[in-house]
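Inside the fold
Letter by letter, the chains look like this.
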Amino acid sequence: MKKNMQLGRAAGLAALLFMNALAAAGNADYAREKKWADEVVPGLVVGDPVYLQTPRGHHKFLTLFTPADTGKAAIVVHGLGIHPDWGMVGTLRTELADRGFTTLSIQMPILAADAKGEDYPPTFPEAAERIAEAVAFLKAKGYKQIAIVSHSMGSRMSREYMSGKPDPAVKSWASLGISVGDYTSLKLPVLDLYGDNDLPPVLANAGKRKQSLAVKGSKQVMIARADHFFTGREAEMVAAVADFLNATLK
């Protein structure tokens, strides 16, 4: 019995060390994801929890599904280190549903709490897989007009998906607060939305992003007196996104 207990502790320690090593190598911190899910799901008021599974490692990740009474849907992609009902992300997923867009807010790969933005690119392939799984889920529900609505690091992750071979059902992308890159290679309408008190990299790259908006229906919108999280300007944020989705999802 004692020997079995020691073996069990050793196996548990080995598993913990293995998970820590994965996180250090830039792989998603699945234990931290579970903690978020354990906090979010019991207090959920709007929408239903749905777990989807990625091909990579067969990992199940949390999504929050809020159906509306139209055939239009939006996949909501949060930023660095948070969860699919956090702050402005929760506002987007619930208020867009109130405006007639089914929303699926998805848990993206996260790292340890002290990880920096520059640590995240190794997670982008898995992030793109999660978006693809979200698209497949909505298509299976009958949705043929789908948009991506993403913020900050989530926009960088969404760009990884968009730069590959996005599903034809994905008709447009609302990109909020993205700090790097442009939209040159994309073949669908893009909304580039940011605040005039946004983070310095977002502001510094705004001109380059605007010049790369070549597809008809694309536009750049700056919300006055808004910071990176649109604090106190959530209504303007939701209105700008909803107007764009109404124009690009038919």
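Our subject is the structure that appears above.
None of the values given here were measured: they were computed from a predicted structure.

**Section: the overall build of the chain**
The number of helices and strands found in the chain is 8 helices and 8 strands. Classification of the 250 residues of the chain by burial places 50% in the buried group. Counting only contacts in the chain whose residues sit at least 6 apart along the sequence, the fraction spanning at least 24 positions is 71%.

**Let's talk about the sheet that holds strand 1 (residues 48-53)**
If you trace the 8 strands from one edge of the open sheet to the other, you get 1-2-4-3-5-6-7-8, paired in mixed fashion. Two strands close off the open sheet at either side, each with one partner strand: strand 1 and strand 8 (219-227). Strand-to-strand twist across the sheet, computed as the mean angle between neighbouring axes with direction ignored, equals 20°. With 5 bridges connecting them, strand 3 (residues 72-77) and strand 4 (residues 102-106) associate as parallel partners.

**Things to note about helix 3 (residues 87-98)**
For helix 3, which comprises 12 residues, the first-to-last C-alpha distance of 17 Å matches the rise-based estimate of 16 Å (1.5 Å per residue) to within 8%. Of all 12 residues making up helix 3, 9 are buried, and the element is well covered by its neighbours. Residues of helix 3 that are buried include every one of M88, V89, G90, T91, L92, R93, T94, L96 and A97, and no others. The elements touched by buried residues of helix 3 are strand 2 (60-66), strand 3, strand 4, strand 5 (145-151), strand 6 (170-176) and helix 8 (234-248). Positive backbone phi, at 100°, marks G100, one or two positions downstream of helix 3.

**Overview of the pattern of salt bridges**
Counting across every chain of the model gives 7 salt bridges. When the shortest N-O distance is used, the salt bridge between R93 and D85 registers 2.7 Å. You can call D85 partly exposed: its relative accessible area is 27%. The salt bridge partner of R130 is E126, with a shortest N-O separation of 2.7 Å. A residue pair is termed a helical-turn pair when its members lie 3 or 4 positions apart in one helix, as R130 and E126 do in helix 4 (residues 124-140) at 4 residues. Overlapping salt bridges bring together E33, E126 and R130 as one network.

**Observations concerning the side chain of N205**
Structurally, N205 can be placed in the loop between helix 6 (200-204) and helix 7 (206-211). Apart from residues no more than four positions distant in its own chain, N205 is found in contact with S179, V180 and G181.

**Looking at helix 5 (residues 153-162)**
With 7 of 10 residues buried, helix 5 lies mostly within the body of the structure. Within the sequence span of helix 5, burial applies to M153, G154, S155, M157, S158, Y161 and M162.

**Here we look at the environment of T102**
Note that T102 resides in strand 4. Its relative accessible area of 0% is what places T102 among the buried residues. Along the primary structure T102 and T70 are separated by 32 residues, whereas in three dimensions their C-alpha atoms are 7.4 Å apart. In contact with T102, other than residues within four places in its own chain, are F65, T66, P67, A68, T70, K72, A73, A74, L138 and Y143.

**Quick notes on the packing of aromatic side chains**
For the structure shown, the criterion picks out 3 aromatic pairs. Here W173 and Y183 contribute two aromatic rings whose centre-to-centre distance is 5.6 Å and whose plane-to-plane angle is 85°, an arrangement assigned as edge-to-face. Note that W173 is positioned in strand 6 and Y183 in the loop between strand 6 and strand 7 (190-197), a separation of 10 residues in sequence. Y183 sits in the buried class, given a relative accessible area of 3%. Lying over the aromatic face of Y194, R209 brings its terminal NZ or CZ to 5.4 Å of the ring centre.

**Observations regarding the side chain of D29**
Tracing the chain through its elements places D29 in the loop between helix 1 (2-24) and helix 2 (30-40). This buried residue, D29, is left without a salt bridge; R32 holds the nearest opposite charge, at 5.6 Å. When near neighbours in sequence (up to four residues on either side) are disregarded, D29 contacts I110, L111 and A112.

**Looking at the environment of A74**
Looking at the secondary structure, you find A74 in strand 3. The exposure class of A74 is buried, given its relative accessible area of 0%. Once the C-alpha coordinates of A74 and L104 are considered, the two residues, 30 residues apart in sequence, prove to be 6.4 Å apart. Excluding residues within four positions of it along the chain, A74 makes contact with T102, T103, L104, A147, V149 and L245.

Procedures and definitions
Residues numbered from 1 in each chain as written. Predicted model: local features only at pLDDT ≥ 70, side-chain atom pairs only at ≥ 80, totals over all residues. Heavy atoms only, no water. Helix = DSSP H or I, 4+ residues; strand = E, 2+ residues; numbered from the N terminus. Buried < 20%, exposed > 50% of the residue type's maximum accessible area, 1.4 Å probe, protein only. Contact = heavy atoms within 4.5 Å. Pairing = 2+ DSSP bridges. Axes fitted to C-alpha atoms, helices over the stretch in contact; angles between N-to-C directions. Expected span 1.5 Å × (residues − 1). Salt bridge = Lys/Arg side-chain N within 4 Å of Asp/Glu carboxyl O. Phe/Tyr/Trp six-rings, centres within 6.5 Å; stacked < 30°, edge-to-face > 60°. Lys NZ or Arg CZ within 6 Å of the ring centre and 35° of its normal. Lys, Arg positive; Asp, Glu negative; His and termini not counted.

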